[in-house]
Amino acid sequence: MRVLAEVHARDGYPVNWPDQPGEWLSRGPLLGSWVAEVDGRLVGHVCLSQVGEGDLAPGLWSERHGAGRSATAVVGALFVAPQARGHRIGAVLIDRAVEEARHRGLHPVLDVVTSDTAAADLYERLGWQLMATVQQQWSPHQTVAIRCYAAPT
């Protein structure tokens, strides 16, 4: 939770700080969750889950490929401690989640808020394809723009 709190304070991720961060990190039907350590210190996290309510990218991918949403896996909760950035930790974590998705015969997808430009830049450097940018209503008073990506084939 400490690293997530650091990331939230610096970058505003997650956009809305969860009431229970531990539950937020393990939400939904998880297929796997991984952390990165450097010198025994936790410096990053990513998870892979089945499609959940509110995930936009699985629907876009399935429409384009004539497959069900269940043919995808959602990469999420990716963050790297500010002091550990610039060492490919995010890329390694994403690669691990992608490897697990493919091992399960699923296509990796993800959603990211448009304000998280560093994350979008990382996904694009890694060859992820932007499928669309859409508006999503998170609450009666909060609408956010979401970029939906699919992993390279």
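Look up a bit, the structure's there.
Quantities reported herein were computed from a predicted structural model and do not represent experimental measurements.

Peer 1: Outline the packing of aromatic side chains, supporting the account with residue identities and numerical values.
Peer 2: If you walk through the whole model with that rule in mind, you get three aromatic pairs. When the centroid spacing of 6.1 Å and the interplanar angle of 50 degrees are considered together, the rings of tyrosine 123 and tryptophan 128 count as tilted. This pair shows no difference in class: tyrosine 123 is buried, exactly as tryptophan 128 is. Every member of this aromatic cluster is reached through a ring pair, and the members are Tyr123, Trp128 and Tyr149.

Peer 1: Report on the side chain of serine 62, specifying residues and quantitative values.
Peer 2: The topology assignment puts serine 62 in helix H3 (residues 57-65). Classification of serine 62 by relative accessible area gives buried; the value is 9%. Beyond its immediate stretch of four places on either side in the chain, serine 62 contacts Ala67, Gly68 and Arg69.

Peer 1: Lay out the layout of surface pockets with the relevant residues and their values.
Peer 2: The volume enclosed by the largest pocket comes to roughly 1400 Å³. Every residue lining the largest pocket is counted, 49 residues in all, and those nearest its centre are Tyr13, Gly76, Ala77, Leu78 and Asp111. Counting only elements with at least two residues in the lining of the largest pocket, the list comes to helix H1 (2-11), strand S2 (41-49), strand S3 (72-80), helix H4 (89-103), strand S4 (107-113), helix H5 (117-125) and strand S5 (129-139). For the lining of the largest pocket, the leading source of residues is S3, giving seven residues. Within the lining of the largest pocket, the residues separate by chemical class into 27 nonpolar, 13 polar and nine charged.

Peer 1: Explain the state of the cysteines to me, and be specific about the residues and the numbers.
Peer 2: Overall, the coordinates contain zero disulfides when judged by the stated rule. Just so you know, cysteine 47 is unpaired, no disulfide at all, and the nearest cysteine sulfur is the one on cysteine 148, 16 Å from it.

Peer 1: Residue-level account of the environment of tyrosine 123, with values.
Peer 2: Examined against the element boundaries, tyrosine 123 turns out to sit in helix H5. In this structure tyrosine 123 comes out as buried when scored by relative accessible area, which is 7%. Leave out the neighbours within four places in its chain, and tyrosine 123 touches Leu78, Ile94, Leu110, Val112, Trp128 and Tyr149.

Peer 1: I'd like to hear about the pairing of S3, residue by residue, with values.
Peer 2: Along a regular strand, successive side chains alternate from one face of the sheet to the other. Here S3 lies mainly inside the structure; nine of its nine residues are buried. Across five bridges, S2 lies against S3 in antiparallel orientation. Of the residues in S3, the one forming a bridge with leucine 48 is valine 75. In the sheet, S3 pairs with S4 via three bridges, with the strands oriented parallel. In the strand pairing of S4, valine 74 is matched with valine 109.

The rules behind the values
Residues numbered from 1 in each chain as written. Predicted model: local features only at pLDDT ≥ 70, side-chain atom pairs only at ≥ 80, totals over all residues. Heavy atoms only, no water. Phe/Tyr/Trp six-rings, centres within 6.5 Å; stacked < 30°, edge-to-face > 60°. Buried < 20%, exposed > 50% of the residue type's maximum accessible area, 1.4 Å probe, protein only. Helix = DSSP H or I, 4+ residues; strand = E, 2+ residues; numbered from the N terminus. Contact = heavy atoms within 4.5 Å. 1 Å grid on protein atoms, 1.4 Å probe; cavity = no way out; pocket = protein on both sides within 12 Å on 5 of 7 lines; lining within 4 Å. Points joined across faces, edges and corners; volume = space filled by probe spheres on them. Nonpolar A, V, L, I, M, F, W, Y, C, P; charged D, E, K, R; others polar. Disulfide = S-S within 2.5 Å. Pairing = 2+ DSSP bridges.

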